[in-house]
Amino acid sequence: MTAQPEHHTVVPPMRTLAELRTALGVWGFPGDLQRFERELADADLDDLTRVRGITQAYRHRVMLRCDPQAMAALMRSTADVAYELGQKTAERNAQ
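My aim in this report is to walk through the structure given alongside it, one point at a time.

## A short note on helix H3 (residues 48-66)
Part 1 of the reasoning: Helix length check: H3, at 19 residues, gives a terminal C-alpha distance of 27 Å against a target of 27 Å (1.5 Å per residue), a fit within 8%.
Part 2 of the reasoning: Of the residues making up H3, those classed as buried are Val51, Ile54, Thr55, Tyr58, Val62 and Cys66. The buried residues of H3 occupy an angular sector of 120° when projected down its axis, which confines them to one face. Opposite its buried face, H3 presents the exposed residues Thr49 and Arg52, each directed more than 90 degrees away.

Laid out in structure tokens, this is it:
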């Protein structure tokens with residue numbers, strides 16, 4: 001088993017809704033901040049499970065955007081991923 005390369009990701013603070021809004025404005029994917037605001041406005045704020053789900057989903061999107069390995073994986077073409085899966089399937093079938 002090979003050692004995984006170490007990478008340190010700098011993630012902006014997102015402990016409050018204000019910090020999350022700032023992070024989405026800087027690090028979010030295009031339209032994230034507007035969608036976050038719309039989803040939050042449409043949610044029943046007494047439904048803490050729903051509000052938590054919304055905030056966690058958008059925090060995760062910022063964390064993805066801050067992770068170079070995650071962004072590299074997202075940028076791979078469908079053909080590249082399909083080729084890799086085909087290779088792995090062929091290797092398993094050959095065993």
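Right, picking up where we left off after that structure.
## Observations regarding the packing of aromatic side chains
Aromatic ring pairs are described here by two measures, namely the spacing of the ring centres and the angle between the planes.
Part 1 of the reasoning: For the structure on display, the rule yields one aromatic pair.
Part 2 of the reasoning: The residue whose ring lies beneath Arg65 is Phe29, and the NZ or CZ to ring-centre distance is 4.9 Å.

## So, the nonpolar core
Part 1 of the reasoning: In terms of nonpolar packing, the biggest core is built from 12 residues, these being Met14, Leu20, Ala23, Leu24, Phe36, Leu40, Ala43, Val51, Ile54, Tyr58, Val62 and Cys66.
Part 2 of the reasoning: Top element by residues in this core is H3. It accounts for five residues.
Part 3 of the reasoning: Apart from the residues within four sequence positions on either side, Leu24 is in contact with Asp32, Leu33, Phe36, Tyr58 and Val62.

The rules behind these values
Residues numbered from 1 in each chain as written. Predicted model: local features only at pLDDT ≥ 70, side-chain atom pairs only at ≥ 80, totals over all residues. Heavy atoms only, no water. Helix = DSSP H or I, 4+ residues; strand = E, 2+ residues; numbered from the N terminus. Expected span 1.5 Å × (residues − 1). Buried < 20%, exposed > 50% of the residue type's maximum accessible area, 1.4 Å probe, protein only. Arc of directions from axis to C-beta. Phe/Tyr/Trp six-rings, centres within 6.5 Å; stacked < 30°, edge-to-face > 60°. Lys NZ or Arg CZ within 6 Å of the ring centre and 35° of its normal. Core = buried A, V, L, I, M, F, W, Y, C linked by side-chain atoms within 4.5 Å. Contact = heavy atoms within 4.5 Å.

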